[in-house]
Amino acid sequence: MNILAIGAHFDDVELGCGGALARHAANGDTVYVYVATVSGFSNQYDQSVRSSQVARAEADAAMEILGVQKMFCGEFKTLQIEFVDPLNIEILKLVQDLKIDMVYTHWVGDIHHDHLALSRASLHSCRHVPRLLMYRSNWYHSTVDFRGNFYVDITSHWNQKEKAILAHESEMERTGRKWVSFFRNEAENAGQRIGVKYAEVFEVVKWLQL
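Since this is a predicted model, take the numbers as computed values, not measurements.

Procedures and definitions
- Residues numbered from 1 in each chain as written.
- Predicted model: local features only at pLDDT ≥ 70, side-chain atom pairs only at ≥ 80, totals over all residues.
- Heavy atoms only, no water.
- Pairing = 2+ DSSP bridges.
- Helix = DSSP H or I, 4+ residues; strand = E, 2+ residues; numbered from the N terminus.
- Axes fitted to C-alpha atoms, helices over the stretch in contact; angles between N-to-C directions.
- Salt bridge = Lys/Arg side-chain N within 4 Å of Asp/Glu carboxyl O.
- Buried < 20%, exposed > 50% of the residue type's maximum accessible area, 1.4 Å probe, protein only.
- Phe/Tyr/Trp six-rings, centres within 6.5 Å; stacked < 30°, edge-to-face > 60°.
- Parallel < 35°, antiparallel > 145°, perpendicular 65-115°, else oblique.
- Left-handed = near helix turned anticlockwise from the far one by under 90°.
- Contact = heavy atoms within 4.5 Å.
- Nonpolar A, V, L, I, M, F, W, Y, C, P; charged D, E, K, R; others polar.

Asker: How do you make sense of the sheet that holds strand 6 (residues 102–106) when you look at a structure like this?
Answerer: Sheets are built from strands paired through backbone hydrogen bonds, the pairs being either parallel or antiparallel. Taking strand neighbours across the sheet as the criterion, the seven strands line up as 5-2-1-6-7-9-8 in an open arrangement whose pairing is mixed. The open sheet has two free edges, formed respectively by strand 5 (70–76) and strand 8 (150–153), since each of these has just one partner strand. Across the sheet, the mean angle separating the axes of adjacent strands is 25 degrees when strand polarity is ignored. As judged from the five bridges shared by strand 2 (residues 30–37) and strand 5, these two strands associate in the parallel manner. Within strand 5, the residue paired with Val35 across the bridge is Cys73.

See the structure below:
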């Protein structure tokens, strides 16, 4: 199968579906990633927090760890993604050119501006892809519930996921490695529900049995 994981920023797919992507790659699937923004950003005082160059270099390292075939990078500015045709077309071209069978994308209930816009674009542009799953890549509260109803056993691939997260050294320094502990707890909790050590959980949009 040809898999496409869609993320707004460098680090989103690592957090949300990194284990599943590593599992796909290990099973012989071809895994692609599309990241819509340049991912550099500044704080509320207009001070640079993370440069786009650093973010890209860290993402390249993470993709290699997960076994991703190729990462495609958009040129949208961080926190400025909108549900507009240029974004839809960019995703649609990838889906058609790469003959994508399955997509992972942001959860449509995510309150993060970029995540929400990209989720809507994915639902639109991937309407003919037979399998579509949504993931969470942060711990923000929303006014709707994430209906996690599809589980992937990532016990054999948790170490790859963790290493891919840690590859984002600039964010690890900023967050005090809280990402790792949070998503490990999430994976452990999801795993307990299905009787494995670690799992990732997704919300199914559609699933055509191939």
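Having seen the structure, we can now continue with the description.
Asker: Whenever I open this one, the pattern of salt bridges confuses me. Can you help?
Answerer: Any two side chains of opposite charge can pair, given that their charged atoms come close. Counted according to the given criterion, the structure contains five salt bridges. The salt bridge partner of Arg56 is Asp60, with a shortest N-O separation of 3.1 Å. Residue Arg56 and its partner Asp60 are located together in helix 2 (residues 52–66), separated by four residues, close to a single helical turn. On the basis of relative accessible area, Asp60 is assigned to the partly exposed category, the value being 37%. Between Glu200 and Lys161 there is a salt bridge, with its nearest N and O atoms 2.6 Å apart. Of the two residues, Glu200 is situated in strand 9 (residues 199–207) and Lys161 in helix 5 (residues 158–166); the sequence distance between them amounts to 39 residues. The class for Lys161 is buried, based on a relative accessible area of 2%.

Asker: Mind showing me how you'd approach the packing of aromatic side chains here?
Answerer: Enumeration according to the criterion identifies seven aromatic pairs in this entry. Arranged with centres 6.1 Å apart and planes meeting at 45 degrees, the rings of Tyr32 and Phe72 form a pair that is tilted. Highlighted residues: Tyr32 in strand 2 and Phe72 in strand 5, separated in sequence by 40 residues. Note on accessibility: Tyr32 and Phe72 belong to one class, buried.

Asker: Help me understand the packing of helix 3 (residues 85–97) against helix 4 (residues 113–125), please; the structure alone is not making it clear to me.
Answerer: Two quantities define a packed helix pair, namely the angle between the axes and the distance from one axis to the other. Direction vectors running N to C along helix 3 and helix 4 enclose 55 degrees, while the axes themselves pass 9 Å from each other. Regarding the angle of helix 3 to helix 4, the classification is oblique. Viewed along their axes, helix 3 and helix 4 form a crossing whose handedness is right-handed. In contact with Leu87, Asn88, Ile91 and Leu92 of helix 3, helix 4 contributes Ala117, Leu118, Ala121, Ser122, His124 and Ser125. Taken together, the residues of the contact of helix 3 with helix 4 sort by class into six nonpolar, four polar and no charged.

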